[in-house]
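Inside the fold
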Amino acid sequence: MTAYRDRFDGAPADDDDAVRSGSDPEHGMSRRQLLRHAGWFGGAVVLTVAAGEVVSHVADSRDTSAGASAGAAAGAVDAAATERGALRFVQVSDSHIGFQGPANTDVAGSFTEAIDQVNSLGFRPDFVMHSGDLTHLSTAGQFDQVKQMMTGMRTDRVFTVPGEHDSIGDAGRTYRKTFGRGTLGDGWYSFDTHGVHFIALVNTLSLEKLGHLGTEQIDFVRKDLAGLPSDTPVVVFSHIPLFAMYPQWGWSTDDALKVIALLRRFSSVTCLNGHVHQLFSKREGNITFHSATTTAYPLPRPGRAPAPTPQVVPARQLKDALGIRTVGFRQGDRELAVKDERLA
């Protein structure tokens, strides 16, 4: 195993705010409204592991006690979870620092809002994972900007995996120079904390259309898992989904089944990804897959557009389309409880 310890080594047309700010009503929201409502598509995902239970909750910017409300909504974590040594961590994804377009004219501002959410959760996360597309064009300046922004997160450690936008033009070398200290190969690694084993994978290189892991990385996973007891909870991070969410748009990984086969013997496996810019959950036996939302701009739902391009939508439609998700996984009886709510 590799011990990776380095921290970094739209609004309605008649809205008064839009009129006063001079924003284009067709694009939905002014900068002020964007920051106010960034939680619609920029919420951080909070995950808790306690007493054999895993709960995930998409933090609302108005929610200052996400850990408690996650437990209440899923009915899985009691008030003594922290005293029993609960593990709580946060997933953010797809900040696309450097993006310029009408879908979001201030990606740095909405990522700042997500960081503020992390810092106002009512507890200090054990770590934060950014699951890829930190930047939009993988320039050194963009990597430096997102790195400096993440130093403002109140957490013990920050981990990352690269997205395809972090590998443009140089096969991820600039990404690894900034965020790859202590990693193996093209940036993969693993670590253990609170009795949970974590694996961070890179499936955004050597891809034609689908994500791809490659033989060397799959061999790493095989060796990494070999000595673990089957009752060890395992969490896997990647940017592109490890399941066939929508292969027509590249929302899948062509050789993921080889890794899934290695994970089948474990009683509790959670796979977390970014890339698709929307909330989605899927259960296959002992493995639960969760796709995270974005802090940058929404993408269409699978098959509802010709291609997965940034969506310019009015605030009303954005609010109707996205929501919060609470997931509880009770290891003992292997029951999954999912609750989705609109962000009213």
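Our structure's up above, just so we're on the same page.
Counting from 1, residues in each chain are numbered in the order their sequence is written. In keeping with the model being predicted, local features are shown solely for residues with a pLDDT of at least 70 and side-chain atom pairs are shown and tallied solely at 80 or more, while totals for entire chains, interfaces and linings include all residues. Only hydrogens and water are removed before side-chain values are computed, so all heavy atoms of the structure are retained for them.

**Brief notes about the overall build of the protein**
Numbering of helices and strands starts at the N terminus; helices are DSSP runs of H or I of at least 4 residues and strands are runs of E of at least 2. The helix and strand inventory of the protein stands at 10 helices and 13 strands. Throughout, exposure labels follow a simple rule: accessible area from a 1.4 Å probe, protein chains only, divided by the maximum for the residue type, with under 20% read as buried, over 50% as exposed, and the rest as partly exposed. Per-residue burial for the protein yields a buried fraction of 58% across its 344 residues. Note that accessible areas follow from Shrake-Rupley with a 1.4 Å probe, and for residues the cover is restricted to the protein chains shown. Total accessible area on the protein stands at roughly 13800 Å², and carbon and sulfur atoms take up 50% of it.

**A short note on the packing of aromatic side chains**
Between the rings of Phe, Tyr and Trp (Trp by its six-membered ring), a pair exists once the centres lie within 6.5 Å; its type follows the angle of the planes, with under 30 degrees stacked, over 60 edge-to-face, and the other angles tilted. Within the structure shown, the criterion is met by 20 aromatic pairs. Between Phe 159 and Phe 191, the ring centres sit 4.2 Å apart and the planes meet at 15 degrees, which makes this aromatic pair stacked. In this pair, Phe 159 is assigned in strand E5 (residues 158-160) and Phe 191 in strand E6 (residues 189-193), connecting sequence segments 32 residues apart. With relative accessibility at 2%, the residue Phe 191 sits in the buried group. These aromatic residues form a ring-pair network of at least three members: Phe 89, Phe 127, Phe 159, Tyr 189, Phe 191, Phe 198 and Phe 237.

**Focus on the nonpolar core**
Core analysis: the biggest nonpolar cluster contains 51 residues, and Phe 111 and Leu 263 have the highest contact counts within it. It only takes one pair of heavy atoms within 4.5 Å for two residues to be counted as in contact. Once you skip the residues sitting within four places of it in the chain, Phe 111 turns out to touch Val 92, Ser 95, Ile 97, His 130, Val 146, Met 149, Met 150, Met 153 and Thr 295. Each nonpolar core is a collection of buried residues, namely Ala, Val, Leu, Ile, Met, Phe, Trp, Tyr and Cys, held together in the definition by side-chain atoms within 4.5 Å.

**Brief notes about the packing of helix H8 (residues 215-226) against helix H9 (residues 256-263)**
Axis separation between H8 and H9 bottoms out at 10 Å; the angle between their running directions is 5 degrees. Accordingly, the angle class assigned to the pair H8 and H9 is roughly parallel. Mapping the contact onto sequence places Ile 218, Val 221, Arg 222 and Leu 225 in H8 and Lys 258, Val 259, Leu 262 and Leu 263 in H9. Here an axis means a line fitted to C-alpha atoms, over the contact stretch when the element is a helix, while the angle between two N-to-C directions is reported on a 0 to 180 degree scale. What sets the label is the angle itself: under 35 degrees gives roughly parallel, over 145 gives roughly antiparallel, 65 to 115 gives roughly perpendicular, and the rest give oblique.

**What about the sheet that holds strand E9 (residues 269-273)?**
Only when DSSP finds a minimum of two bridges between them are two strands counted as paired. Taken in spatial order, the six strands line up as E6-E7-E8-E9-E11-E10 in an open sheet, and their pairing is mixed. In the strand order of this sheet, the two ends are held by E6 and strand E10 (280-284), each with one partner. Neighbour-to-neighbour, the strand axes of this sheet turn through a mean angle of 15 degrees, independent of strand direction. Against the sheet, H8 touches E6 and strand E7 (196-200), its axis set at about 170 degrees to E7. Strand contacts of H9: strand E8 (234-237), E9 and strand E11 (287-291), with the helix running at about 135 degrees to E11, the strand carrying the most contacts.

**Looking at the pattern of salt bridges**
Salt bridges are defined as contacts in which a side-chain nitrogen from Lys or Arg sits within 4 Å of a carboxyl oxygen from Asp or Glu. In this structure the tally under the stated criterion is five salt bridges. Notably, a salt bridge pairs Asp 156 with Arg 124, separated by 3.0 Å at the nearest N-O pair. One end of the pair, Asp 156, is in the loop between helix H6 (140-150) and E5; the other, Arg 124, is in the loop between helix H5 (107-119) and strand E4 (127-130), and 32 residues separate them in sequence. Among the residues examined, Asp 156 registers a relative accessible area of 48% and is labelled partly exposed. The partner of Glu 284 in a salt bridge is Arg 264, and the shortest N-O contact between them spans 3.6 Å. Here Glu 284 is found in strand E10, whereas its partner Arg 264 is found in the loop between H9 and E9, with 20 residues between them in sequence. For Glu 284, a relative accessible area of 27% translates into the label partly exposed. We classify Arg 264 as partly exposed; its relative accessible area is 40%.

**A look at the pairing of E6**
By the criterion of burial, E6 is predominantly enclosed, with four of the five residues buried. Note that E6 and E7 share five bridges and pair antiparallel. Each bridged residue has a counterpart across the sheet, and for Tyr 189 the counterpart in E7 is Ala 200. With antiparallel pairing between neighbouring strands as the criterion, E6 and E7 make up a hairpin whose turn holds two residues, including His 194 at a positive phi of roughly 55 degrees.

**Quick word on the environment of Thr 309**
Along the chain, Thr 309 turns up in the loop between E11 and helix H10 (315-321). Separated by 206 residues in sequence, Thr 309 and Ala 103 place their C-alpha atoms 9.7 Å apart. Leaving out residues up to four positions away in the same chain, Thr 309 has contacts with Pro 298, Leu 299 and Pro 300.

**A few points about the packing of H5 against H6**
Orientation of H5 relative to H6, taken along the N-to-C sense of each, is 25 degrees, at an axis distance of 10 Å. Our classification of the angle between H5 and H6 gives roughly parallel. Viewed along their axes, H5 and H6 form a crossing whose handedness is right-handed. Between H5 and H6, the contacting residues are Ala 108, Phe 111, Thr 112 and Ile 115 on the first element and Gln 145, Val 146, Met 149 and Met 150 on the second. Within the contact of H5 with H6, the residues separate by chemical class into six nonpolar, two polar and no charged. Handedness of each helix crossing follows the sense of rotation of the near helix against the far helix: counterclockwise by less than a right angle gives left-handed, clockwise gives right-handed. Residue classes follow a fixed rule: Ala, Val, Leu, Ile, Met, Phe, Trp, Tyr, Cys and Pro count as nonpolar, while Asp, Glu, Lys and Arg count as charged, and any other residue, Gly among them, counts as polar.

**Quick look at the side chain of Thr 232**
Mapping Thr 232 onto the fold places it in the loop between H8 and E8. Pairs of N or O atoms within 3.5 Å make up the polar contacts considered here, provided that, within protein, one atom can donate a hydrogen while the other can accept it, and that residues adjacent in sequence are counted only when both atoms are side-chain atoms. Within the structure, the side chain of Thr 232 is placed 3.0 Å from the backbone oxygen of Pro 229, a separation counted as a polar contact. Residues contacting Thr 232, with those up to four places away along its chain left out, are Gly 195, His 197, Phe 266 and Ser 268.

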